[in-house]
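Notes for the structure review
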Amino acid sequence: MAQKHEEEEKVRLDKWLWAARFYKTRALAKAAIESGKVHCRGERCKPGKEPRVGDELQIRIGFDERTVVVQALSIVRRGAPEAQTLYRETEASIAKRENATALRKAGALGMSTDGKPSKKQRRDLFKFRGSGNDD
C-alpha cells in the first residue's frame, strides 16, 4: 500500500493540467507544453515533468496568462470545484488578467464593424493613414 501511495504522488504535468481543467484533453495540454506555453519555475518544461506541491507554473491560454501555485496532485479529472482545489492563482496574476480583460473590452467598444468596409470607409481609412492617393 505504501508503494501505491508513492505512485500516486508521481503525476505527469500534462495529466495534472488536464485534471486541473486548464485544457480539455491531455493532447491539448501536451501540445501547449511542447509549444512553450507552460513554464515551471520560470523554465520551459516537458509533458513528462513531475510537478510538486508548491511549484509555480505560468500557463498561457489564449490571451490570458496565469501564474498558479500547485496545491495538490491528481491524475483524475473531476468537477470544476474539485479541480480548483488543485491550484491557487497568485494575486498578481489575477490583477494582471483582470486588467488585460478590461483593456480588451475597452478596445472592442471603440470600434464595431459589420464586415468589410464600404468604399467611403476605405477612402477615409486611407486618408487617415496618409497613404491615400492625393490627386
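The structure this text deals with has already been given above.
Model, not experiment: these values are computed from the prediction.

We now examine the overall build of the protein chain. Looking only at helices and strands, the protein chain features 6 helices and 5 strands. For the protein chain, the proportion of its 135 residues judged to be buried stands at 24%. Considering only intrachain contacts with a sequence separation of at least 6, the fraction spanning at least 24 residues in the protein chain is 41%. Of the accessible surface of the protein chain, which amounts to about 10100 Å², a share of 51% is contributed by carbon and sulfur atoms.

Of the residues making up helix 3 (residues 26–34), those classed as buried are Ala-29, Ala-32 and Ile-33. In a view along the axis of helix 3, the buried residues occupy a sector of 100°, so they form one face of it. Buried residues belonging to helix 3 abut helix 2 (13–19), strand 1 (38–40) and strand 2 (43–44). Downstream of helix 3 by a residue or two, Gly-36 has a phi angle that is positive, lying close to 85°.

Note that Thr-67 resides in strand 4 (residues 64–70). For Thr-67, the contacting residues outside a window of four places in its chain are Glu-56, Leu-57, Gln-58, Arg-88, Glu-89, Thr-90 and Ser-93.

Scoring rules and cut-offs
Residues numbered from 1 in each chain as written. Predicted model: local features only at pLDDT ≥ 70, side-chain atom pairs only at ≥ 80, totals over all residues. Heavy atoms only, no water. Helix = DSSP H or I, 4+ residues; strand = E, 2+ residues; numbered from the N terminus. Buried < 20%, exposed > 50% of the residue type's maximum accessible area, 1.4 Å probe, protein only. Contact = heavy atoms within 4.5 Å. Areas by Shrake-Rupley, 256 points an atom, 1.4 Å probe, with all protein chains shown as cover. Arc of directions from axis to C-beta.

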